[in-house]
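# Structural overview for review
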Amino acid sequence: MAKLLHYSSLTKKFIMAIAGLFLAVFLMVHLGINLFILPITENHVEIFEIAVHFMTSNPLIKVFEIVLFGGFLIHIIYGLILQIQNWMARPKRYKIEGFSHTSFFSKYMIHTAIIIFIFLVIHFINFYFVKLGFTEAPQGPNEVTNNHDFYNMVVNLFSTTWYAIMYIGLIIILGFHLNHAIQSAFQSLGLYHSKYTPFIKMVGTLYSIIIPLGFIIIPLYFLIN
Amino acid sequence: MDLTLKIWRQENAQARGKFETYKVTGISEDASFLEMLDILNESMVDKVQLPIAFDHDCREGICGMCSLYINGRPHGPDQGITVCQMHMRNFKDGSTIVIEPWRAKPFPVIKDLMIDRSAFDLIIQAGGYVSVHTGGVPDANSIPIKKEHAELAMDAAACIGCGACVATCKNASAMLFVSAKVSQMALLPQGKIEAARRVQKMVAEMDDLGFGNCTNTYACEAECPKDIKISNIARMNWQFLIAKVGAQKMNA
Amino acid sequence: MKLDSKIPDGPLAEKWTNYKASQDLVNPANKRKIDIIVVGTGLAGAGAAASLGELGFNVKIFCIQDSPRRAHSIAAQGGINATKNYPNDGDSIYRLFYDTVKGGDYRAREANVYRLAEVSSNIIDQCVAQGVPFARDYGGLLDNRSFGGAQVSRTFYARGQTGQQLLLGAYGALSKEIHKGSVELFTRREMLDLVVIDGKARGIITRNLINGKLEKYFGHAVVIATGGYGNAFFLSTMAMTSNGSAAWQVYKKGAFFGNPNFTQIHPTCIPVHGDYQSKLTLMSESLRNDGRIWVPKNKEDAEKIQKGELKPGGIKEEDRDYYLERRYPAFGNLVPRDVASRAAKERCDAGYGVGSTGLAVYLDFADAIKRLGKNVIEARYGNLFQMYEKIVDENPYETPMMIYPAIHYTMGGIWVDYELQTTIPGLFAAGEANFSDHGANRLGASALMQGLSDGYFVLPYTLQNYLADQIQVARIPTDHPEFEKTEKEITERQEKLMAVKGSQSVDGIHKKLGRIMWEYVGMGRNQEGLEKAIGMIRELRAEFWKDVRIPGRIDELNIELDKAMRVADFLELGELMAKDALDRKESCGGHFREEYQTPEGEALRDDENFTFVSAWEYQGDDKEPILHKEPLIYENIEVKQRDYK
């Protein structure tokens, strides 16, 4: 822990950025699998189950899982350390807080981060801990056959209206976080170029819209049906 | 114009301090903001009260000494300008103006609106220069420098060290200030020689002084009276990264 | 006491080389034993402190602001001259020397000016090595421009912020030495007096501006680099804290004051707009390259404009008086600063001025925009136009700018010899604080050159010549009786000021002084006015000591007391300026005596009787100072009447 604090502010930022970009890419993979919950092909359930099976049993993925958790952990811990230092840097606050023009979402990264963290906990209770046998599988119209039967768990959850709505809300928050995060990561890594940075910013914004949109379509489908 | 001013008064560095309300009347729209404060101070001297202490010197926007946080913005509502050049026509008659000192842990208040910015000097002392001594240098034209690089270096070098970037940053980060100097030097062949050492030393000093971390909100760029760009911060990040990864281990 | 300018023997071009070859030096082991005090962190002060620190001396440097980077050198816009001759247009050391002496109206010392021209090239090399981002061409080499009507392009520049960039270079060098420990920095300190022990300068006493405490510092030598005293006029382009107190206090301790009346009035400043005005803003001289200066030809038009009934656009071309082009067809709008300033005053005094006060003339870019296009003008002066619009709230692309002359620089200052040493052994003066290089008028882009020349390349040599026989002198503890005595004098002065408890604010009295100075010791001076001014200043000084009001205490941060100490000195310095102007019965450079002019109204020098430096020696508060004359001998230059027609 002392070592973590000892790193310079810039090193911490690099680590944040790399972990963050890694998590953002992971979201894309996650979405790729999730989309098969929807009837996009005839055998979509089958494909989803194969994917789930692969993700839960492949030894390489096991290693990847550790890396992923590590990524989360580092991103969260460094995020917190940086935030606490930032609060400490201004012990006496202004009477009138900043009126300066800034990128809107950037001001609320810690807030969106806390919400995302809560979401992550719910997500773990509903799926990952079920797999490990710590928690009960979500109940609903479908019967969950075993603790790897994620398809039916999802269907059960999304069939609950309040859960589906909450899920959509949380994903939108995730979108806000991503909106600032991606271009910010490039800035932190020092990857700036007067020609290409506008393009990176555009891609970041698009990514922060498309990925959450993809996630949102799934509960939306269940809500409409 | 008639105005109500809410001004931070603090007797000394240890005192608690509080806002006091003052009224000024008959202010010309053509007066500068600091001249408006002069008028207020003059009226306080008339009443044998201690005038408000605030930093100012050149009053032409270049020395970087003036430092007022006005209605939530460093250097007030006008863009690309310091307080001393901001004129009262930027305010509406009858309005209330809240004036605070820059707030950051490394910038303690000395008195009223006056703050101690020696932290900036310490950062420069840590390495914000080319380590050449007087005399024995090559002819000025012996090393050609790309015009684009010279221009970018000049853009960065325009920093006046006022600290508005720290004042406006929600994290009280000094990254724009530090990166402007790092960038200027890194862009010039004369500065490149010790670029790796410089960026590490300056960042270490900045961290030690207790400035916050950059979270890329870019308020600094929006408020900088000299239009210093956040691309300098990216350039410093890159310089730091290659210094850490590529350079030899640094002694002292 | 006899003045000895200590000019080395030999031909002009070899004097400096000979001096360096034969001067005394301090060996490295002994440098560590020597303390040097430098007051001021502008180009001269920071440059000297950094260079002396590099050599191994222990340096203490003091500045009035919160950081050395804020010294007023930072505000210089235009550029810095050097004889590099990169453009291949015929420049040389001699030519810069010649231009500077002629520009100074033959009232500067030949040997000093030649040395200045000689080291000017080294300055550019030094600055580039420090990372100063001078303007460059596409080939990557340094760009030059012509400045202030010079016939060659010898001015190096960094956009409109040359002073800032040079100062930041010097500040970087200084910071390097502070980090190394060879220089110790003291900020928010104001030098209040010099300590002289056994006839030698041995230290200073400063006021800590944060807690009001007096602090004593010892040095084997003291360098004053505290800039000019133009704020005697209250309104000037100088910074608010720029003051003449350090110079004035050393004068009272025995240093002679050289040419105190020589003041430069810059022709292109934004006019005064109200009583509450605290400061004048300079618009770069370069604007005169493309702008045309005019006032209405008819008085009725001028009056209508003053009342706001007529706009400049409403005046037909034939009703405009382009008075500089009319009077000086050869140089037109590019005549030197003193000439342009006087011509503007002449028109305004005659009732042809514009603006609500009638104290302004137009600087019109309409022709230039028509000829070159708005884009070109924007590229050249964009930021200046923007600044003008922020301050005046008028768009100079559409309506002519209004300008008026303002106090800008003081050529006068502490008298120094060739070594920059004052008449007090061990006390040196550098940069604008000394009188040395600009004669009666300074050319554009020469102030930065002089500051850096003194700091980087002159003092590090000449100080050693003095210090070589000081190595045996042990550090004098600051409880030495002389330190105690000087400290006590300051305390008494401060207590006396606080005890007045009158009814007028310091600024109020300072403004009154400014009005007297501007009216009678400004651009046009005459015997009657100067005599009147001396009387008025004396009365005002008495009024100040009877009626000034300073709230607060001595032993705390007290901005009113700080200002009062400065104004008290300006009230004495102002009188000496008037006295010097009265004594110099000729017109030269910035000094225009209305009695001494040609039938066409041009300045008329009296070389036979006034080719000398006036060096004033203090005798006591109630006694007249003694005037010493240092004759100026021109062996390498033919003295001519300046002619810009």
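What counts, and at which threshold
Residues numbered from 1 in each chain as written. Chains lettered and ligands numbered in written order. Predicted model: local features only at pLDDT ≥ 70, side-chain atom pairs only at ≥ 80, totals over all residues. Helix = DSSP H or I, 4+ residues; strand = E, 2+ residues; numbered from the N terminus. Buried ≥ 20, exposed ≤ 12 C-beta atoms within 10 Å, placed from the backbone. Contact = placed C-beta atoms within 7 Å. Domains from an automatic or database assignment. Nonpolar A, V, L, I, M, F, W, Y, C, P; charged D, E, K, R; others polar. pLDDT = per-residue confidence, 0-100. Pairing = 2+ DSSP bridges. Axes fitted to C-alpha atoms, helices over the stretch in contact; angles between N-to-C directions. Left-handed = near helix turned anticlockwise from the far one by under 90°. Parallel < 35°, antiparallel > 145°, perpendicular 65-115°, else oblique. Core = buried A, V, L, I, M, F, W, Y, C linked by C-beta atoms within 7 Å.

### A closer look at the overall build of chain B
Helix and strand content of chain B: nine helices and seven strands. In terms of overall dimensions, chain B has C-alpha extents of about 60 × 35 × 35 Å along its principal axes. Counting over 252 residues, chain B shows a buried share of 60%. Here the contacts in chain B between residues at least 6 apart in sequence split such that 71% fall between residues at least 24 apart.

### A short note on the domain arrangement of chain C
Residues and elements named next belong to chain C. What the domain assignment reports for chain C is domain 1 (266-407) and domain 2 (489-631). Spacing between the C-alpha centres of domain 1 and domain 2 amounts to 30 Å. Taken together, the contacts link five residues of domain 1 with five residues of domain 2. The leading source of residues in the side of domain 1 that touches domain 2 is helix α10 (residues 337-349), at four residues. Class assignment for the residues of the side of domain 1 that touches domain 2 results in one nonpolar, one polar and three charged.

### Looking at the confidence of the model for chain C
Mean pLDDT over chain C stands at 95; residues scoring 70 or higher make up 100%. The complex prediction reports pTM at 0.96, with the ipTM value standing at 0.97.

### Some thoughts on the interface of chain B and chain C
In this complex, chain B contributes 66 residues to the contact, which on the side of chain C involves 64 residues. Residue assignment for the side of chain B that touches chain C shows that the elements contributing at least two residues are α1 (33-46), β6 (109-111), α2 (118-125), α3 (147-157), α5 (175-187) and α6 (189-192) of chain B. Its residues assigned to classes, the side of chain B that touches chain C shows 32 nonpolar, 17 polar and 17 charged.

### Regarding the sheet that holds strand β15 (residues 401-410) of chain C
All names here are of chain C. Spatially, five strands are ordered β11-β15-β14-β12-β13 in an open sheet, and the strand pairing comes out antiparallel. Across the chains shown, the open sheet's two edge strands, defined by having one partner strand only, are β11 (263-269) and β13 (320-321). The sheet contact formed by strand β14 (residues 361-364) and β15 spans three bridges and is antiparallel. Paired with Tyr362 across the strands is Met402, a residue of β15. Where α10 meets the sheet, it contacts β11, β12 (292-296), β14 and β15, and its direction lies at approximately 70° from that of β11.

### Some thoughts on the arrangement of the chains
The highest contact count of any of the two pairs of chains in contact belongs to chains B and C. Regarding chain A and chain C, which are not in contact, the minimum distance between any of their C-alpha atoms is 20 Å.

### Observations regarding the domain arrangement of chain B
All names here are of chain B. Entries for chain B in the domain assignment read domain 1 (3-111) and domain 2 (118-246). Here the C-alpha centroids of domain 1 and domain 2 sit 29 Å apart. Counting residues at the interface gives 18 residues for domain 1 and 16 residues for domain 2. A class-by-class count of the residues in the side of domain 1 that touches domain 2 yields nine nonpolar, six polar and three charged.

### What about unusual backbone geometry?
Residue and element names in this part refer to chain C. If you check the backbone angles, Asn85 has positive phi at about 55° while not being a glycine. Note on Asn85: 18 C-beta atoms within 10 Å, which makes it partly exposed. Even without glycine at this site, Lys501 takes up a positive phi of about 50°. Topologically, Lys501 is positioned in the loop between α14 (481-500) and α15 (506-520). Taking the number of C-beta atoms within 10 Å as the measure of exposure, Lys501 has 12 and is therefore exposed.

### Description of the interface of chain B and chain A
Facing the 38 residues of chain B at the interface are 36 residues of chain A. Contributing elements (two or more residues each) for the side of chain B that touches chain A: β5 (96-100), α7 (195-208), α8 (219-223) and α9 (231-246) of chain B. Broken down by element, the side of chain B that touches chain A gets its largest block of residues, nine residues, from α9(B). Partitioned by chemical class, the residues of the side of chain B that touches chain A number 17 nonpolar, twelve polar and nine charged.

### Looking at the packing of helix α3 (residues 43-55) of chain C against helix α6 (residues 162-180) of chain C
Residue and element names in this part refer to chain C. Put simply, α3 and α6 touch, their axes get as near as 8 Å, and they point 30° apart. The handedness of the crossing between α3 and α6 is left-handed. Of the residues in α6, those in contact with Leu43, Ala46, Gly47, Ala49, Ala50, Gly53 and Glu54 of α3 are Leu166, Leu167, Ala170, Tyr171, Ala173, Leu174 and Glu177. Of the residues belonging to the contact of α3 with α6, the class tally is ten nonpolar, two polar and two charged.

### Notes on the packing of helix α5 (residues 109-132) of chain A against helix α7 (residues 161-188) of chain A
Residues and elements named next belong to chain A. Packing of α5 against α7 leaves a shortest axis separation of 9 Å and a crossing angle of 135°. Taken together, the axis directions place α5 and α7 in an arrangement best described as oblique. Note on packing geometry: the crossing formed by α5 with α7 is left-handed. For the pair formed by α5 and α7, the contact residues are Met109, Thr112, Ala113, Ile115, Ile116 and Phe119 on the first element and Leu170, Ile173, Leu174, Phe176, His177 and His180 on the second. Here the residues of the contact of α5 with α7 are counted per class, giving nine nonpolar, three polar and no charged.

### Observations concerning the nonpolar core
Counting residues in each nonpolar core, the largest one holds 304 residues, and the members touching the most others are B:Val166, C:Val223, C:Ile224 and C:Ile414. Tallying contributions element by element places helix α17 (residues 559-583) of chain C first for this core, with 14 residues. C:Ile414 has contacts with C:Ile224, C:Ala247, C:Val250, C:Ala255, C:Phe257, C:Gly258, C:Thr422, C:Ala429, C:Ala433, C:Asn434 and C:Phe435, leaving out every residue within four places of it along the chain. Counting eleven residues, the second-largest nonpolar core is a separate cluster that includes A:Val130, A:Phe150, A:Leu157 and A:Ile218.

### Quick notes on the environment of C:Gly104
Its place among the elements puts C:Gly104 in the loop between α4 (93-103) and α5 (110-130). Note on C:Gly104: 25 C-beta atoms within 10 Å, which makes it buried.

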